[in-house]
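Commentary on secondary and tertiary structure
Take a look at the letters that make up each chain.
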Amino acid sequence: MDFNLTEERQMLQDTLRRFLADAANKDSNTLWTELAELGVIGALFTEDYGGFGGAGFDLSVVFEEIGRAGVATPLLETGILAGGLIAALGNDDQTALLESIVDGTQQLAFAHGEPLTRYDLNHVATTATQTGDGYILNGHKCVVMNGGRADTLIISARTAGDVASNDGISLFLVDASSVERRSYQTMSGADAAEVYLNNVTVAKTALLGAEGASFYEIETQVARATAALCAEAVGAMESAKDLTIEYMQTRQQFGRPIGKFQALQHRMADLLIEVEQARSATINVCGHLDADRPLRERHVSAAKNLIGRVGRQVAEETIQLHGGIGMTQEYNLAGFTKRMMMIDHQWGDTDYHLERFIALSRAVG
Amino acid sequence: MDFNLTEERQMLQDTLRRFLADAANKDSNTLWTELAELGVIGALFTEDYGGFGGAGFDLSVVFEEIGRAGVATPLLETGILAGGLIAALGNDDQTALLESIVDGTQQLAFAHGEPLTRYDLNHVATTATQTGDGYILNGHKCVVMNGGRADTLIISARTAGDVASNDGISLFLVDASSVERRSYQTMSGADAAEVYLNNVTVAKTALLGAEGASFYEIETQVARATAALCAEAVGAMESAKDLTIEYMQTRQQFGRPIGKFQALQHRMADLLIEVEQARSATINVCGHLDADRPLRERHVSAAKNLIGRVGRQVAEETIQLHGGIGMTQEYNLAGFTKRMMMIDHQWGDTDYHLERFIALSRAVG
Amino acid sequence: MDLSYTAQEQEFRAEVRGFLAANLDPKLADKVRLGKHLTKADFEGWHASLNSRGWLAGNWPKQHGGAGWTPVERHIFEEETTLAYAPRIVPFGLAMLGPVLQAFGSPEQCAHYLPRILSGQDWWCQGYSEPGAGSDLAAVKTAAVRNGDHYVVNGQKTWTTLGQHANWIFCLVRTNTEVKAQEGISFLLIDMETPGVTVRPIVLLDGGAEVNEVFLDNVRVPVGNLVGDQDKGWTYAKYLLTHERTNIAGVGFSNAALANVKRIASAEVAGGRPLIENPHFAARLAQVEIDLMAMATTNSRTLAKAAAGQAPGAQSSMLKVKGTLIRQEITDLTRRAVGPYATPFLPESLDEGYNGEPVGPDYATAASEQYFNNRKLSIFGGSNEVQRTIISKTILEL
Amino acid sequence: MDLSYTAQEQEFRAEVRGFLAANLDPKLADKVRLGKHLTKADFEGWHASLNSRGWLAGNWPKQHGGAGWTPVERHIFEEETTLAYAPRIVPFGLAMLGPVLQAFGSPEQCAHYLPRILSGQDWWCQGYSEPGAGSDLAAVKTAAVRNGDHYVVNGQKTWTTLGQHANWIFCLVRTNTEVKAQEGISFLLIDMETPGVTVRPIVLLDGGAEVNEVFLDNVRVPVGNLVGDQDKGWTYAKYLLTHERTNIAGVGFSNAALANVKRIASAEVAGGRPLIENPHFAARLAQVEIDLMAMATTNSRTLAKAAAGQAPGAQSSMLKVKGTLIRQEITDLTRRAVGPYATPFLPESLDEGYNGEPVGPDYATAASEQYFNNRKLSIFGGSNEVQRTIISKTILEL
């Protein structure tokens, strides 16, 4: 057992933390270009695909810093989800795209969820009907993160099977400008979109991976994304915690710093304990991304459940310990607490993953 | 709305509280006789059956005091469960028994639960097979409260229907000495027994109520018993709370009374809030014992769920706030915390009633 | 012991229902239910409607133009209006200042201000909190210095809810710095059109701007605007905080929010079935419903005590804590219930005049916003920490 | 970052498993799993068995007859032995006194006492707490007055676990009342056969009598039994409390208890199906399992830091709090799982030599007893409140 970062990862962490320290004022395009220049996108990929990382702990180093800085980036969507799917399933033409991902010139999004999907990865109602020389896509993809800014979308659609079957789910690489999108901001400041597919025609070459056989690869990449989200949440928790500690040390009420009040001290202690738990759960999932599916997914659900619970506790307690100022948009805390809560709504909330953990545990025995 | 006790109930409460203040040293037979003489058993019955009460708030007045004093009595088993079933279902010969209940000369028990019953009232595997002039009973009744000391048992047995059917459950009044019993003490100091029925022959006259049609009356009397248990738990909570407040005022640590420590103050505040909630839930169920079944049972399950949760919190927090002394058998707190926890195991625990509340809410719409 | 309402009370409930059916615009109720931002006109219209029925000031005695209701009647009114998703009554003039004037104001002040509150001529806001004095009100620094027939006021108030709509503000100000903190405070009424008063909105993390900072820069206030005696404002401030709390538990709001989340969970689908049938979600929902059923009775017990003239004491603090925890838990259930559609942030779509389509179901739009906005419940109006201290000090007598 | 064990560590684990398979009597393991009361002979036999393998003192260096394990090896040993339901190692001599003597005792004390601890000749108990000094150890009042070559000791110790089996007790005593509370305390070794020592059992609410009061009445203790310097005992006491806490989280106990409750919930039937399939019960179980999975890693991270020579600091307090909460939650799940059979109270059936049938399934007998007994976890060894204060003071630096 070793809980130290390798020298390379330690360097990546230091560099990224320094860089992000004054990232708040950068517009999102500049930020993206500079992240690419720093090699941060490359850290999400193995050497085979132009990167220098790609393992669970590479993701966690990067995303913890993103969370700590509280910046919104399309790293998850472009680098992990879309990038991961292309690396895993793409033919030579398609994997060529990865170069433009790693160098920051292309942004992608993974259009998967639908109004009735909620968090079930296999619930796909969007259809892809084969025509002579391609497919026609119909459906509605909802809350597609980075969907408004993406140049290219990976769209999941059903080529066979029942609406909730693992079999029959296919993926398509589609030029984003060829579909109808409604773009909007999310609660935590990122871009998202509704994607409406009304008889969208795509060529046969748009198919990513074998027809109807993409479910397990989607699950694998969502596992990586979940691990990254957990790390991002831990980063946000650390910042929220730090702000709160500083506030408790300085804010005076009834003639002394509020950090002197024992009731608040003990609640802070409970919060610190849970942040350590969140970090451990994240380590667990990152360390098991290459494990067999049942073990890996069990850690995915365990971590996301725990992160969801702790995220809520940290968000609520840090706001409460601050009092009114903690509720204002202009104070830094707002961004962190909103991010923690919104992470709960990405790829399965705490309730969803509790049930999933039970089901997976039963399957394992 | 009126939350004051009637003058009669106020008198009953005062009398009982005074009487129980030094009940701890009385042996259980003396205590029982004196309770009867005070008219406490009569308070559980309507005038039709030799009593002067019998309504929900009569039960709560009596049982809150029992809980507050921390004494073990067979009031619930004799007065409410068995007494209630006889009053509701008995023919003239059988209701004649009530006189000896009210005057304290007979103790009864309701032998209903079985090893696989857990808390489902309709799960009865014990059989009653009709013979020429009576029935033959076979089965195993478990954790029959007051089963060892009872003179007479009311035994439920199936005369028809599947093992978990509402239909086909019959009740029999049986001389306790005619069945095999293994008697033992419970965690909170009461008497209980395993009752083994091996070809026990009873006469036709032992049948209480119509054959196979007793389920809903069992449910009704268990509702009354549950309301009484909730009140008893509230009484135990009050005593545990009072002991803890006194302890916090006097026990010194780090040079001052522990009640001066804000972290403990705030936990005590949370506990006080929940005890008020427990009292309100008990008022709700006692006030709805005469309501239609769906409404009544919804309050039964709501109250028992809440009492179970709050009981645990009060037991654990009052022990913790005391520290080591709170764990000793000789200190008064022990009896109250044990009683609170054991009440959770009578007629359905907090989890059981949560599920039941959901099912009942669904049925109501 | 009797949990039922009297015939008279039941009749009153029917009357309220009838009034709501006839007078509450369903479009306005939809705005409330969906968490949209109400305009000044929305509030004023609803106030006027209630006032024409004599129901605007349920807690005021009849001689001042109030309804003179019993606590139970007020509770019934609250319960029915919240369940019907009527706008809340803006409390600053009606529930806060009114009773203070009636108890401590001069006959002239009552005669002048009270009718203007009822008619809607004046919209009051509250100037209690300051940047350095949140839960610790005795730390108030805003200074009022007597200068002839005026006080000259300098300082800053904050967390002034709906101050952007107000033309008057009642303030705690420091008139004496020589004495103990609590003893040098006065209660002053300030016309916000006086030179030197500036209102600046504070944007909260949910995107809304319902609270404000109020800057007071050499504001000249006639001495006639002092309520009661100089330096005795602490007493009046406490009176305001401990009285008029019949709705502190927010039972009506919670009932309405619970009904709403049930409706949402019946519409949402999880794993091919209505979310409300999911055992885990159902368990969370049932848990809070059971807590709320009990709290409604705790609330009624407190009302009954109040009706019998007993001071609520620690019980109103208990209701505040438990009531806010329940309301907040329901907002958490609501944001869970809407699933991924909790993520979009379109605050403009909550504003009057927005004509676009919602993203996702209409009930989802405000779910996250309300979750965050309602964090305020446990902070403002005496934080839950302050309430816990009151409870424990009352009981422990230390 | 690497979550896996080295080949050497895996080999060690296999060795421990092999040892357990060969040396742990299944009947003894059943007693542990079912929560029965272990006899003195049970403990002594298991100690002897471990000692013959050189594994009794995993935390002692080899020169003192210990195994000299790394923190990770100790963790593996702990994990395997608890999962196999081996008796715990009685910690007073091995985990507590031993390290103190090794750090602060004289060579003669080490040479005399340490081998006797390993051989089982001496059974030590702990004399820290007093009726007036629970979590506040500096309030120790038991007085030791120097008289020639002896200290004369008077006072009372309490919560002395397994003191009924002990022949020696290490005590904190007050040797100086003129100085600050912490500065007048000494660390003294007392032979319990000395006249004036009386042990009286304290019956706990679960019916067990594992803790005791120890009365010290004019007990004459040779000055040679002083550890380190007079009046410096506070340092040694703190050393004892903050070190040797590799198992403070109780991960092994929790894993074993969780496996046990799963077994019970698979055997119990609720509504016609195994209890473990009940969604609500399964949710509670999953929740605690998820927490435990994370805590096991928090524990490993702390071990890794300890192995690298970093002081555990606030982290051992965090492990104490979370670890005890998890263990207590599992005892609550266990008492729920057994249903109505949690009610019978037959403590005699947990004792050696009981030949009767259990009431209900054998796994139910101790469920309530264990629930109550384990309330001690958050009280003894530095209450969770004291731990929270340590954590917050460390972090807040106030």
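The structure displayed is predicted, hence computed values, not measured ones.

Considering the nonpolar core
Taken as a class, soluble globular proteins show a tendency for nonpolar side chains to be buried jointly. Counting residues in each nonpolar core, the largest one holds 190 residues, and the members touching the most others are V62 of chain A together with V153, F187 and L189 of chain D. Of all the elements, helix α7 (residues 215–250) of chain A adds the most residues to this core, at 19 residues. Apart from the residues lying within four places of it in its own chain, the contact partners of L189 of chain D are L97, L101, Y113, W124, W168, I169, F170, V221, N225 and V227 of chain D. Among the nonpolar cores identified, the runner-up in size contains 122 residues, and A82, I169 and M340 of chain B together with L396 of chain C belong to it.

Comments concerning the side chain of H345 of chain B
Along the chain, the position of H345 of chain B falls in the loop between α10 (333–343) and α11 (350–364). On the accessibility criterion, H345 of chain B (2% relative accessible area) is buried. Among the polar contacts made by the side chain of H345 of chain B, one reaches the side chain of Y119 of chain B at a distance of 3.4 Å. Non-local contacts of H345 of chain B, meaning those with residues more than four positions away in its chain, are made with Y119 of chain B together with R335, R336, G339, P340, A342 and T343 of chain D.

Here we look at the pattern of salt bridges
Scanning the model with the defined rule gives 92 salt bridges over all chains in all. Residues R68 of chain B and E64 of chain B are paired through a salt bridge, measuring 2.7 Å at the closest nitrogen-oxygen approach. Of this pair, R68 of chain B and E64 of chain B are both found in helix α3 (residues 56–69), 4 residues apart, which corresponds to roughly one turn of the helix. One exposure class covers both R68 of chain B and E64 of chain B, and it is buried. For E219 of chain B, the salt bridge identified is with R296 of chain B, shortest N-O distance 3.6 Å. Residue E219 of chain B is found in helix α7 (residues 215–250), and its partner R296 of chain B is found in helix α9 (residues 293–322); the two are separated by 77 residues along the sequence. Several salt bridges share partner residues, and in doing so they unite R312, E316, D344 and D351 of chain A together with R284, E329, D332, R335, R336 and R375 of chain C into one network.

Remarks on the domain arrangement of chain C
Residue and element names in this part refer to chain C. Assigned domains within chain C: domain 1 (7–89), domain 2 (123–232) and domain 3 (245–395). Taking only C-alpha atoms, the centre of domain 2 and the centre of domain 3 are 31 Å apart. Counting residues at the interface gives 8 residues for domain 2, matched by 8 residues for domain 3. Interface of domain 2 and domain 3: buried area, both sides summed, is about 690 Å²; carbon and sulfur atoms make up 63% of it. Counting across the interface, domain 2 meets domain 3 through 1 salt bridge. The residue K376 makes a salt bridge to E210 at a minimum N-O spacing of 2.7 Å. Along the contact surface separating domain 2 from domain 3 lie 3 residue pairs in polar contact (both at pLDDT 80 or more).

With respect to the packing of helix α8 (residues 262–287) of chain A against helix α8 (residues 262–287) of chain B
Relative orientation of the contacting elements α8 of chain A and α8 of chain B amounts to 80°, with a least axis distance of 6 Å. The pairing of α8 of chain A with α8 of chain B is recorded here as roughly perpendicular in orientation. Of the residues in α8 of chain B, those in contact with Q262, A263, L264 and H266 of chain A of α8 of chain A are Q262, A263, L264 and H266 of chain B. Of the residues assigned to the contact of α8 of chain A with α8 of chain B, the class counts are 4 nonpolar, 4 polar and no charged.

Examining the domain arrangement of chain A
Residue and element names in this part refer to chain A. Examined at the domain level, chain A breaks down into domain 1 (7–102), domain 2 (108–213) and domain 3 (216–364). Each of domain 2 and domain 3 was reduced to a C-alpha centroid, and the two centroids are 30 Å apart. Contacts between the two partners involve 11 residues from domain 2 and, on the opposite side, 14 residues from domain 3. Summed over both partners, the interface of domain 2 with domain 3 buries about 1200 Å², with 70% contributed by carbon and sulfur atoms.

Here we look at helix α3 (residues 56–69) of chain A
End to end, α3 of chain A covers 20 Å across 14 residues, agreeing with the expected 20 Å (1.5 Å per residue, within 8%). α3 of chain A sits mainly inside the fold: 13 of its 14 residues count as buried.

What counts and how
- Residue positions are given per chain, counted from 1 along the sequence in the order it is written.
- Chains and ligands are labelled sequentially in the order written, the chains with letters from A and the ligands with numbers from 1.
- Restriction of local features to residues with pLDDT of at least 70 applies here, the model being predicted, together with a cutoff of 80 or more for giving and counting side-chain atom pairs; totals for whole chains, interfaces and linings are based on all residues.
- Computation of side-chain values covers all heavy atoms of the structure but excludes hydrogens and water.
- Note on terminology: a nonpolar core comprises buried Ala, Val, Leu, Ile, Met, Phe, Trp, Tyr and Cys residues joined through side-chain atoms within 4.5 Å.
- Three exposure classes are used, based on accessible area relative to the maximum for each residue type with a 1.4 Å probe and protein chains only: buried under 20%, partly exposed in between, and exposed over 50%.
- To qualify as a helix, a DSSP run of H or I must reach at least 4 residues; to qualify as a strand, a run of E must reach at least 2; elements of each kind are numbered from the N terminus.
- We call two residues contacting when some pair of their heavy atoms lies within 4.5 Å.
- Pairs of N or O atoms within 3.5 Å make up the polar contacts considered here, provided that, within protein, one atom can donate a hydrogen while the other can accept it, and that residues adjacent in sequence are counted only when both atoms are side-chain atoms.
- A side-chain nitrogen of Lys or Arg and a carboxyl oxygen of Asp or Glu constitute a salt bridge if their distance falls within 4 Å.
- Segmentation of the chain into domains, including their bounds, is taken from an automatic or database domain assignment.
- Buried surface area refers to the total accessible area, computed with a probe of radius 1.4 Å, that the two partners give up upon joining, counted for both partners together.
- Every axis in this analysis is a line fitted to C-alpha atoms, fitted for helices over the stretch in contact. Angles between the N-to-C directions lie between 0 and 180 degrees.
- Just so you know how the angles are binned, under 35 degrees is roughly parallel, over 145 roughly antiparallel, 65 to 115 roughly perpendicular, and the rest oblique.
- Think of it as three bins: nonpolar holds Ala, Val, Leu, Ile, Met, Phe, Trp, Tyr, Cys and Pro, charged holds Asp, Glu, Lys and Arg, and polar takes everything else, Gly as well.
- Multiplying 1.5 Å by the helix residue count minus one yields the expected span of that helix.

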